[in-house]
Amino acid sequence: MTKILEKANVFKKIMGLYPTGVTIVTTSDEKGNPVGLTVNSFASVSISPLMVLWCIDKNSSSLDAFLQADKYAVHTLSEQQKEACWAFAGKEKDRFSKVHWESSSNGLPIIKDSLGVFECKTVSKSEAGDHIILLGEVIDLSITDQSPLLYYNRNVGPIPEGWPES
Ligand SMILES: Cc1cc2nc3c(=O)[nH]c(=O)nc-3n(C[C@H](O)[C@H](O)[C@H](O)COP(=O)(O)O)c2cc1C
């Protein structure tokens, strides 16, 4: 057991030193209320057709909504969205009061001023240990002219000055 815990700790440390972008993934629950959480397990999967994936913790309070919904929206965050990143990662119930959002024509809650948005149809839900992998096909997408928010060593921030070198 100690060995397993040690391995899990090293795993977490390595992942903490693996910089990523940050996203907020949203959907609507069965009552039509917006639901969302901060996610960095997001990855690009396929270009033809356009596909992405992300993983949700089986203990997430948002799990049922994402399992029931047939769609979700991934927002890649800009460096201006640090507050939103933490609001959607915390225990706060009313996360959407911290952002400006509107409903899309696909019926998904869209957070305004995000760097990019992928609206997706859920293609598969696969068990993966303590998480579920949600594979999605992109049905709509949009981009703004902004810089990304980065996640590294349990912190978020902008791209360091002077990088990338031109
Ligand atoms: C940078 C960052 C990345 C995260 N990535 C994920 C993720 O990929 N999947 C996930 O289920 N939770 C992820 N979380 C945690 C959820 O955002 C967090 O557990 C959730 O919003 C807490 O609410 P809940 O307890 O109501 O589920 C991440 C948190 C942070 C700060």
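This text goes with the structure placed above it.
Just so it is clear, the model here is predicted, and its values are computed rather than measured.

Cut-off values and rules
- Residues numbered from 1 in each chain as written.
- Predicted model: local features only at pLDDT ≥ 70, side-chain atom pairs only at ≥ 80, totals over all residues.
- Heavy atoms only, no water.
- Pairing = 2+ DSSP bridges.
- Helix = DSSP H or I, 4+ residues; strand = E, 2+ residues; numbered from the N terminus.
- 1 Å grid on protein atoms, 1.4 Å probe; cavity = no way out; pocket = protein on both sides within 12 Å on 5 of 7 lines; lining within 4 Å.
- Points joined across faces, edges and corners; volume = space filled by probe spheres on them.
- Nonpolar A, V, L, I, M, F, W, Y, C, P; charged D, E, K, R; others polar.
- Polar contact = N/O pair within 3.5 Å; in protein donor to acceptor, adjacent residues only side chain to side chain.
- Contact = heavy atoms within 4.5 Å.
- Salt bridge = Lys/Arg side-chain N within 4 Å of Asp/Glu carboxyl O.
- Buried < 20%, exposed > 50% of the residue type's maximum accessible area, 1.4 Å probe, protein only.
- Axes fitted to C-alpha atoms, helices over the stretch in contact; angles between N-to-C directions.

(A) How the structure looks around the sheet that holds strand 11 (residues 150-152). The antiparallel open sheet is built from 3 strands, whose spatial order is 1-11-12. Two strands lie at the open edges of the sheet, namely strand 1 (20-21) and strand 12 (155-157), each paired on one side alone. Alignment of strand 11 against strand 12, held across 3 bridges, turns out to be antiparallel. Looking at the pairing, Leu150 lines up with Gly157 of strand 12.

(B) Up close: the layout of surface pockets. Roughly 1900 Å³ of internal volume is contained in the largest pocket. At the level of secondary structure, the elements contributing two or more residues to the lining of the largest pocket comprise helix 1 (2-16), strand 3 (34-39), strand 5 (51-57) and helix 3 (82-87). Take the lining of the largest pocket: its biggest share by element is 7 residues, from helix 1. Among the residues making up the lining of the largest pocket, the classes are represented as 19 nonpolar, 15 polar and 12 charged. Taken as a whole, the second largest pocket encloses approximately 160 Å³ of empty space. When the residues that make up the lining of the second largest pocket are grouped by side-chain class, the tally is 3 nonpolar, 3 polar and 4 charged.

(C) Up close: the side chain of Thr26. Within the fold, Thr26 resides in strand 2 (residues 23-28). Among the polar contacts listed, one links the side chain of Thr26 to the backbone oxygen of Pro109, at a separation of 2.7 Å. The residues contacting Thr26, other than those within four sequence positions of it, are Val35, Gly36, Phe66, Tyr72, Ala73, His75, Phe96, Leu108, Pro109 and Ile111.

(D) Structural context of the pattern of salt bridges. According to the stated counting rule, one finds 3 salt bridges in the structure shown. For the salt bridge of Glu92 with Lys98, the shortest nitrogen-to-oxygen distance reads 3.2 Å. Accessibility expressed as a relative area gives 33% for Glu92, which makes it partly exposed. Measuring nitrogen to oxygen at the nearest pair gives 3.6 Å for the salt bridge that ties Glu102 to Lys112. Of the two residues, Glu102 sits in strand 7 (residues 101-103) while Lys112 sits in the loop between strand 8 (109-111) and strand 9 (116-128), which places them 10 residues apart along the sequence. Looking at Glu102, the relative accessible area reads 42%, which means it is partly exposed.

(E) Main features of the sheet that holds strand 5. Spatially, 3-2-6-9-10-5-4 is the arrangement adopted by the 7 strands of the open sheet, whose pairing is antiparallel. The sheet is open, and its two edges are formed by strand 3 and strand 4 (43-46), each paired on a single side. The average undirected angle you get between the axes of adjacent strands in this sheet is 35°.

(F) Fine view of the pairing of strand 5. Pairing of strand 4 with strand 5 involves 3 bridges; the strand directions are antiparallel. Each bridged residue has a counterpart across the sheet, and for Ser44 the counterpart in strand 5 is Val52. Following strand 4, the chain reverses through 4 residues before pairing antiparallel with strand 5. Inspection of the sheet shows strand 5 paired to strand 10 (residues 131-143) by 7 bridges, in the antiparallel sense. Bridge pairing links Asp57 to His131 in strand 10.

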